[in-house]
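So the chains spell out like this:
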Amino acid sequence: MIEHHVRVHPSADRLPREDQLAWKLASVATGTEELDADSTAMAVNRVIDNASVAVASLLRRPVAVARAQATAHRMAAPGASVFGSRSRVSPEWAAWANGTAVRELDFHDTYLAADYSHPGDNIPPLLAVAQHTGRTGADLLRGIVAAYEIHVALVKGICLHEHRVDHVAHLSAATAGGLGALLRLPTETVYQAVQQAVHTTTATRQSRKGEISSWKAYAPAFAGKAAIEAVDRAMRGETSPSPVYEGEDGFLAWMLDGPESDYTVLLPEPGEPRRAILDTYTKEHSAEYQAQAIIDLARRLREKAGPLERVRSIVLHTSHHTHHVIGSGANDPQKYDPTASRETLDHSVPYIFAVALEDGTWHHERSYAPERARRPGTVELWQKITTVEDPAWTRRYHDPDPERRAFGGRAVITLTDGTVIEDELALADAHPAGARPFDRPAYTGKFRTLAEGVVTRSAQDAFLDSAARLAELSAADLGGLFPAVDTEAVAAFDASLPKGLF
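Residues numbered from 1 in each chain as written. Predicted model: local features only at pLDDT ≥ 70, side-chain atom pairs only at ≥ 80, totals over all residues. Heavy atoms only, no water.

Novice: Just checking my understanding: could you explain the overall build of the chain for this structure?
Specialist: Broken down by element type, the chain carries 20 helices and eight strands. Relative to its length of 502 residues, the chain is compact, with a C-alpha radius of gyration of 22 Å against a globular reference of 23 Å. Principal-axis analysis of the C-alpha atoms places the extent of the chain at approximately 70 × 55 × 45 Å. With 502 residues in all, the chain has 61% of them scored as buried. As presented, the chain carries roughly 19,200 Å² of accessible surface, and 52% of it is formed by carbon and sulfur atoms. Taking the average place of the 52 positive charges on the side chains of the chain and the average place of its 66 negative ones, the gap between the two points comes to 4 Å. (Helix = DSSP H or I, 4+ residues; strand = E, 2+ residues; numbered from the N terminus. Rg over C-alpha atoms; globule rule 2.2 N^0.38 Å. Buried < 20%, exposed > 50% of the residue type's maximum accessible area, 1.4 Å probe, protein only. Areas by Shrake-Rupley, 256 points an atom, 1.4 Å probe, with all protein chains shown as cover. Lys, Arg positive; Asp, Glu negative; His and termini not counted. Charge placed at Lys NZ, Arg CZ, Asp CG, Glu CD.)

Novice: Help me understand the packing of aromatic side chains, please; the structure alone is not making it clear to me.
Specialist: Geometry of an aromatic ring pair is reported as the spacing of the ring centres plus the angle between the planes. A full pass over the atoms with the stated rule returns 17 aromatic pairs. Consider the rings of Trp215 and Phe222, whose centres lie 6.0 Å apart with planes at 55°: the pair is tilted. Judged by relative accessible area, Trp215 falls into the partly exposed class, the value being 36%. Both rings, one in Tyr289 and one in Phe407, keep their centres 6.0 Å apart while their planes meet at 85°; by these two values the pair is edge-to-face. Here the residue Tyr289 occupies a position in the loop between β4 (262-267) and α11 (292-305), and Phe407 occupies one in the loop between α17 (391-398) and β7 (409-415), the gap between them amounting to 118 residues. Look at Tyr289 and you get buried, because its relative accessible area is 3%. Owing to a relative accessible area of 5%, Phe407 belongs among the buried residues under this scheme. Geometry around Trp93 places Lys225 over its ring, the cationic atom sitting 4.5 Å from the centre. The ring of Phe107 is capped by Lys446, whose NZ or CZ atom sits 4.3 Å from the centre of that ring. (Phe/Tyr/Trp six-rings, centres within 6.5 Å; stacked < 30°, edge-to-face > 60°. Lys NZ or Arg CZ within 6 Å of the ring centre and 35° of its normal.)

Novice: Mind showing me how you'd approach the side chain of Gln20 here?
Specialist: Its location among the elements puts Gln20 in the loop between β1 (2-7) and α1 (21-30). For Gln20, a relative accessible area of 2% gives the class buried. Within the structure, Gln20 has its side chain in polar contact with the side chain of Tyr191 (distance 2.8 Å). Residues within four places of Gln20 in sequence aside, it is in contact with Leu15, Tyr191, Gln195, Ser242, Pro243 and Glu246. (Polar contact = N/O pair within 3.5 Å; in protein donor to acceptor, adjacent residues only side chain to side chain. Contact = heavy atoms within 4.5 Å.)

Novice: Just to check I follow, could you spell out the sheet that holds strand β8 (residues 420-425) for this structure?
Specialist: Two orientations exist for strands paired in a sheet by backbone hydrogen bonds: parallel and antiparallel. Taking strand neighbours across the sheet as the criterion, the four strands line up as β6-β5-β7-β8 in an open arrangement whose pairing is mixed. Since the sheet does not close on itself, it has two edges, and those belong to β6 (385-389) and β8, each with one partner. For this sheet the average axis-to-axis angle between neighbouring strands, irrespective of direction, equals 20°. Taken together, the five bridges between strand β5 (residues 311-318) and β6 define a ladder with parallel strand orientation. The residue bridging Thr318 from the neighbouring strand is Glu389, located in β6. Together, β5, β6, β7 and β8 form the strand contacts of α17, whose direction differs from that of β5 by roughly 40°. (Pairing = 2+ DSSP bridges. Axes fitted to C-alpha atoms, helices over the stretch in contact; angles between N-to-C directions.)

Novice: Would you mind going over the packing of α11 against helix α14 (residues 349-359) with me for this structure?
Specialist: For any two helices packed against each other, one specifies the crossing angle of their axes together with the interaxial distance. α14 packs onto α11 with a crossing angle of 35° between their chain directions and a minimal axis gap of 8 Å. Handedness of the crossing formed by α11 with α14: right-handed. Residue-level contacts link Ile294, Ile295, Ala298, Leu301 and Arg302 of α11 to Val349, Ile352, Phe353, Ala356, Leu357, Glu358 and Asp359 of α14. Split into classes, the residues belonging to the contact of α11 with α14 amount to nine nonpolar, no polar and three charged. (Left-handed = near helix turned anticlockwise from the far one by under 90°. Nonpolar A, V, L, I, M, F, W, Y, C, P; charged D, E, K, R; others polar.)

Novice: What exactly am I supposed to notice about the pairing of β4 here?
Specialist: Successive side chains on a regular strand alternate, one facing one side of the sheet and the next facing the other. Taking every second residue as pointing to the same face, the buried face of β4 carries Tyr263, Val265 and Leu267, while none of Asp262, Thr264 and Leu266 on the other face is buried. Where β1 meets β4, six bridges bridge the pair, whose relative direction is antiparallel. Counterpart to Ile2 in the pairing with β4 is Leu267.

Novice: Just to check I follow, could you spell out the nonpolar core for this structure?
Specialist: The tendency in soluble globular proteins is for nonpolar side chains to be buried as a group. Ile144, Tyr245, Leu470 and Leu481 are the most contacted members of the largest nonpolar core, which totals 102 residues. If one sorts the elements of this core by residue count, helix α2 (residues 37-56) sits on top with 10 residues. Contacts of Leu470, omitting those with residues within four sequence positions, involve Val44, Val47, Gly137, Ala138, Leu140, Leu141, Leu478 and Leu481. Counting 54 residues, the second-largest nonpolar core is a separate cluster that includes Ile326, Leu381, Ile413 and Ile421. (Core = buried A, V, L, I, M, F, W, Y, C linked by side-chain atoms within 4.5 Å.)

Novice: Would you mind going over the environment of Phe107 with me for this structure?
Specialist: With respect to the helices, strands and loops of the structure, Phe107 is situated in the loop between α4 (91-103) and α5 (123-133). C-alpha separation for the pair Phe107 and Glu3, spaced 104 residues apart in sequence, amounts to 32 Å. Excluding residues that lie within four positions of it along the chain, Phe107 makes contacts with Asp49, Val53, Thr282, Lys283, Glu284, His285, Ser286, His364, Lys446 and Leu450.

Novice: Please clarify how the pattern of salt bridges should be interpreted in this entry.
Specialist: Two side chains with opposite charge may pair up if their charged atoms get near one another. If you walk through the whole model with that rule in mind, you get 32 salt bridges. Note that Glu229 is salt-bridged to Lys225, the shortest N-O span being 2.9 Å. Note that Glu229 and Lys225 are positioned in helix α9 (residues 215-235) at a spacing of four residues, about one turn of the helix. A network of salt bridges, in which partner residues are shared, links Arg103, Asp106, Asp121, Lys216, Lys283, Arg342 and Asp346. (Salt bridge = Lys/Arg side-chain N within 4 Å of Asp/Glu carboxyl O.)

Novice: Help me understand unusual backbone geometry, please; the structure alone is not making it clear to me.
Specialist: Omega for the peptide link from Ala77 to Pro78 comes to -10°, which places this bond in the cis form. Structurally, Pro78 is set in the loop between α3 (61-71) and β2 (80-81). Here the bond from Ser242 into Pro243 is cis, since omega is -10°, no more than 30 degrees from zero. By the element assignment, Pro243 lies in the loop between α9 and α10 (251-255). You will see that Asp106, though not glycine, has its phi angle at about 55°, which is positive.

Novice: Just to check I follow, could you spell out the environment of Gly247 for this structure?
Specialist: Within the secondary structure layout, Gly247 lies in the loop between α9 and α10. Here Gly247 falls in the buried class, since its relative accessible area comes to 9%. Sequence separation between Gly247 and Glu188 is 59 residues; the distance between their C-alpha atoms is 18 Å.

Have a look at this one:
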């Protein structure tokens, strides 16, 4: 890997394009290296993972709204497919609808380092453009692997969260790069597209704070849509705010560490395999990633804890990120509100631990049902749970050595008679280094579980066959990556919603 130091430069420096981060990202995207076999196999897993959570969310309001907006932009040909619809639409609108479907349940892949990310959010815009432009499955794989490489590098090197900038700013750059790889665009074109995408998708983290709204699902879809539009403009010869990262009025100087910004971004050398996708991991449970190990820990503690009415207090000792983002350190009263939105509850580790401790399981719908959140016993237990930052867990969260890096915590349960029960778990069971690492059968099982009652068994089989053969699919075959569903039921649900402009 090559270390690239990124800092602010005054306009008088006339920083050469080749020395700018956007150019270096574009160069990674436009490299002609052969795809790593392990990386392409993992990319197939993530295509399956995305489809799993997308079909499970088809009858959820934000997904239906995004789909309605998209299908108002139909194209006779070529266009791109939309989960839950037979219509072909303009690719940026397909990316919008499909990106929202993938993100709605907060149930697909993740990568945590200096910042947060869901790199699977790159796949919907890449798939939409691949369909629209007649690219093959091999082309799509090239784009996915490149997008993950860029996304992981940015998340490792540049923290957005500490400045309350939403993490989709890194996503848009990665998607623009992945589109460049997919389409084999010149480095100059990708460079312009990356800068446009970053410039137009920088937003605050309020979408993930307080009473969290449905925009949490839309935000990455918006980034993907913006990246497609940026690539379109760049292909037509349009230029961008430059240098978008290093400029004295740019991203680093005014959104991040200021004029003294100095970041290090690690990118592969020419000829080095693109393997960053292998550092990422998916979710077994539909909740914020920092809660994955906590759910597994709660399941393990259930028998030890005994009758939960005897619990006086529960303290979760965990990392800075977990405490301040989904824990009591966020100082969000909504995280303890039984009437809070699903989006808020999946960012409340006190709620998640309480339900997992009571039920011994986690379900993407039942665990968030309003009647579940308002159960008196749950509310009473929930209010007894707090988090604290433990420096040791914070160090493990940021450890550069993947063998030591961990996202879990320690639970200390104090009973009314003074008995203390403690246990800890560093990694979720499904993590690559966890007790039950996710493999292809696990991804397949997740798909079949979430597709049950939505996709027929034969249609499930057809989708899984297409996904497994992704590297061999022709342009005409990419539609097989959209599992067939009962579109009449979906259309009836869509028709029940209020109308908008489109």
